[in-house]
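Here's the letter readout for the chains.
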Amino acid sequence: MNRSDLLSVADLGREGIVEVLRLADSFAEVSERPVPKVPALRGRTVATVFFESSTRTRLSFEAAAKRLSADTMTFTAASSSVAKGESVRDTVETLDAMGVDAMVVRHSSAGTPAQVARWVRASVVNAGDGQHEHPTQALLDCFTLREALARRDGRPPGDDLAGVRIAIVGDVRHSRVARSGVLAYRALGATVVLVAPPTLLPPDTSSWGVTTSGDLDEVLPGVDVVYLLRLQAERIRECLLPSLHEYSARYALTAERERRLAPEVLVMHPGPMVRGVEIDSAVASSARSLVTRQVRNGVAVRMAVLFRLLAGAAADPVLVPSGRAGGEP
Ligand code: NCD
């Protein structure tokens with residue numbers, strides 16, 4: 001089997017994204033079953049290798065691997081020999097030597113998963129590298145949006161997001177979610193406006209294919225989706241904001257701003273949310289918020305990603321869920 005990795009949304013292109021979304025439709029159906037499990041990756045081992053903290057991404061990948069019947073291994077830097085000074089290279093080579101088929105890697109430095117991919121035999125999935133990329137977040141966001149738009153319009157989910165206008169609001173500069181999101185949304189035909197104070201926009205967005213704005217109130221009437229980002233305090237080293245209060249006053253989705261949105265406008269956030277800073281607590285829990293769907297769909301989308309990377313030519317088609325069959329494998 002040829003080894004493949006998922007390091008960037010750009011690795012997939014439009015075709016690859018659509019393939020993952022369609023596969024995830026089948027796995028979402030599996031997740032609804034009383035026993036939400038298929039034997040598709042029986043005998044394979046998936047390791048989550050997290051050098052940076054995480055709640056939902058690590059647990060979501062582990063749930064995805066388990067629902068595919070893969071064995072799982074969990075590595076977290078804080079409780080490992082990294083605390084004794086072991087290098088990233090020695091750590092991943094150690095795991096590789098144990099016979100791991102896929103490593104799901106998160107690190108605070110951009111490019112680490114790509115570097116790991118050069119060192120190990122296992123397939124590597126980027127689960128977030130510094131402020132560079134977080135491809136599975138972008139894929140689960142596309143899946144969630146496509147599902148919500150289909151429900152809104154009373155039709156089956158389509159393959160693209162043509163004509164959908166998405167505002168990504170907040171700390172875009174330090175956000176890997178925004179970088180992967182822009183690549184994926186644009187590949188599917190959506191238009192994106194980045195909304196942030198100038199200090200929290202990337203220095204040069206000319207190659208991103210997006211527009212930018214410093215005025216949330218001006219942007220809100222013209223969008224279908226408001227995608228909020230957390231201030232990445234762990235990556236903000238300079239004084240980029242006058243105060244949190246001032247930031248919230250201009251860029252938070254407050255209850256007052258939410259009341260001005262058309263009823264069909266959708267709200268998204270990758271989590272973890274800091275309620276009261278970038279999003280009002282009631283807005284986060286409102287009917288237009290897709291936050292819980294995003295988390296739920298994350299498992300099906302990561303099943304699709306792991307399946308696509310690991311099942312390869314060896315996949316037995318009878319083990320692939322049909323999306324229609326209701327029976328247990
Ligand atoms: C994001 C991340 O870690 O990049 N969270 C996530 O994976 N859902 C966003 C964030 O930390 O704000």
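Reading the values: rules and limits
Residues numbered from 1 in each chain as written. Predicted model: local features only at pLDDT ≥ 70, side-chain atom pairs only at ≥ 80, totals over all residues. Heavy atoms only, no water. Near = heavy atom within 4 Å. Polar contact = N/O pair within 3.5 Å; in protein donor to acceptor, adjacent residues only side chain to side chain. Areas by Shrake-Rupley, 256 points an atom, 1.4 Å probe, with all protein chains shown as cover. 1 Å grid on protein atoms, 1.4 Å probe; cavity = no way out; pocket = protein on both sides within 12 Å on 5 of 7 lines; lining within 4 Å. Sits in = over half its atoms within 2 Å of the grid points. Helix = DSSP H or I, 4+ residues; strand = E, 2+ residues; numbered from the N terminus. Nonpolar A, V, L, I, M, F, W, Y, C, P; charged D, E, K, R; others polar. Domains from an automatic or database assignment. Expected span 1.5 Å × (residues − 1). Buried < 20%, exposed > 50% of the residue type's maximum accessible area, 1.4 Å probe, protein only. Contact = heavy atoms within 4.5 Å. Pairing = 2+ DSSP bridges. Right-handed = clockwise from strand over helix to strand, strands pointing away. Axes fitted to C-alpha atoms, helices over the stretch in contact; angles between N-to-C directions. Salt bridge = Lys/Arg side-chain N within 4 Å of Asp/Glu carboxyl O. pLDDT = per-residue confidence, 0-100. Buried area = accessible area lost by both parts, 1.4 Å probe. Points joined across faces, edges and corners; volume = space filled by probe spheres on them.

## Here we look at the site of the ligand
Next up, step 1: For the ligand, the full set of nearby residues is Arg 56, Thr 57, Arg 106, His 134, Gln 137, Arg 176, Val 177, Arg 230, Gln 232, Pro 270, Gly 271 and Pro 272.
Next up, step 2: In this structure, a nitrogen atom belonging to the ligand sits 2.8 Å away from a main-chain N or O atom of Gly 271.
Next up, step 3: Isolated, the ligand exposes 320 Å² of accessible area, and the fraction of that covered by the protein chains is 94%.
Next up, step 4: When atoms are counted within 2 Å of each cavity's grid points, the one that captures over half of the ligand is the largest pocket.
Next up, step 5: Of all elements in the fold, only α2 (56-67) and α6 (176-187) reach the threshold of two or more residues within the shell around the ligand.
Next up, step 6: Here the shell around the ligand is built from residues that sort into three nonpolar, five polar and four charged.
Next up, step 7: Shared between two domains, the shell around the ligand holds at least three residues of each, these being domain 1 (9-133 + 295-318) and domain 2 (135-293).

## So, α2
Next up, step 1: Over its 12 residues, α2 runs 16 Å from end to end, which matches the ideal 16 Å to within 8%, given 1.5 Å per residue.
Next up, step 2: Restricting attention to buried positions, one finds in α2 the residues Thr 57, Arg 58, Ser 60, Phe 61, Glu 62, Ala 64 and Ala 65.
Next up, step 3: Where the residues of α2 are buried, they touch β1 (45-50), β2 (71-76), β3 (102-107), β4 (123-129), α5 (135-153) and α11 (291-310).
Next up, step 4: A positive backbone phi angle near 70 degrees is found at Ser 69, which sits one or two residues after α2.

## Structural notes on the pairing of β3
Next up, step 1: Taken across its six residues, β3 has six buried, putting it largely inside the fold.
Next up, step 2: Where burial is concerned, the two faces of β3 agree: the one with Ala 102, Val 104 and Arg 106 and the one with Met 103, Val 105 and His 107 are both buried.
Next up, step 3: Judged from the five bridges that link them, β1 and β3 form a sheet pairing that is parallel. If you follow Ala 47 over to β3, its bridge partner there is Met 103.
Next up, step 4: Once the chain exits β3 it traverses helix α4 (residues 112-119) before rejoining the sheet at β4, and the crossover so formed is right-handed.

## Considerations on the sheet that holds β4
Sheets are built from strands paired through backbone hydrogen bonds, the pairs being either parallel or antiparallel.
Next up, step 1: Strand order in this open sheet of four strands is β2-β1-β3-β4, and the pairing throughout is parallel. Both outer strands of the open sheet, β2 and β4, are each paired with one neighbouring strand and no more. The sheet shows a mean angle of 15 degrees between the axes of neighbouring strands, direction not considered.
Next up, step 2: Bridge count between β3 and β4: five bridges; the pairing is parallel. Looking at the pairing, Val 104 lines up with Val 125 of β4.
Next up, step 3: Across the sheet, α4 is in contact with β3 and β4; its angle to β4 comes to roughly 160 degrees.

## Some remarks on the pattern of salt bridges
Next up, step 1: Tallied over the full model, the rule gives 18 salt bridges.
Next up, step 2: Between Arg 146 and Asp 25 there is a salt bridge, and its shortest N-O distance comes to 2.8 Å. Here Arg 146, found in helix α5, pairs with Asp 25, found in helix α1 (residues 13-31); they are 121 residues apart in sequence, far enough to count as distant.
Next up, step 3: Given a relative accessible area of 31%, Asp 25 falls into the partly exposed group.

## A look at the confidence of the model for the protein chain
The predicted coordinates ought not to be read in detail in places where the model reports low pLDDT.
Next up, step 1: For the protein chain, per-residue confidence averages 92 on the pLDDT scale, and residues scoring 70 or more make up 94% of the total.
Next up, step 2: A low-confidence stretch, residues 321-329 stays under pLDDT 50, and its non-local contacts, those more than four residues away or across chains, total 20 contacts.

## A closer look at the sheet that holds strand β9 (residues 266-268)
Next up, step 1: Strand order across the open sheet formed by five strands is β7-β6-β5-β8-β9, with parallel pairing between neighbours. Looking at strand neighbours, the two that pair on one side only are β7 (211-213) and β9, the edges of this open sheet. Geometrically, the sheet is characterised by an average inter-axis angle of 25 degrees between neighbouring strands, direction not taken into account.
Next up, step 2: Sheet topology note: the strand β6 (residues 191-195)/β7 ladder contains three bridges and is parallel. By the bridge assignment for β7, Leu 194 is matched with Thr 212.
Next up, step 3: The sheet strands contacting α5 are β5 (165-169), β8 (225-228) and β9, and the helix crosses β9 at an angle near 160 degrees.

## Notes on the domain arrangement of the protein chain
Next up, step 1: Taken domain by domain, the protein chain consists of domain 1 (9-133 + 295-318) and domain 2 (135-293).
Next up, step 2: When each unit is reduced to the centre of its C-alpha atoms, the spacing between domain 1 and domain 2 is 25 Å.
Next up, step 3: Between domain 1 and domain 2, roughly 2,700 Å² of surface is buried when both sides are summed, and carbon and sulfur atoms account for 58% of that area.
Next up, step 4: At the boundary of domain 1 and domain 2, one finds three salt bridges.
Next up, step 5: Where the side of domain 1 that touches domain 2 is concerned, the elements lending two or more residues are α1, α2, β3, β4 and α11.
Next up, step 6: When residues of the side of domain 1 that touches domain 2 are assigned to their parent elements, the largest contribution, nine residues, is made by α1.
Next up, step 7: Looking at the side of domain 1 that touches domain 2, its residues break down into 14 nonpolar, eight polar and 10 charged.

## Let's talk about the layout of surface pockets
Next up, step 1: In this structure, the largest pocket encloses a volume near 390 Å³.
Next up, step 2: Arg 106, Arg 176, Arg 230, Gly 271 and Pro 272 are, among the 22 residues lining the largest pocket, the residues nearest its centre.
Next up, step 3: Elements supplying a minimum of two residues to the lining of the largest pocket: α2 and α6.
Next up, step 4: When the residues that make up the lining of the largest pocket are grouped by side-chain class, the tally is four nonpolar, 11 polar and seven charged.
Next up, step 5: Two domains share the lining of the largest pocket, each providing at least three of its residues, namely domain 1 (9-133 + 295-318) and domain 2 (135-293).

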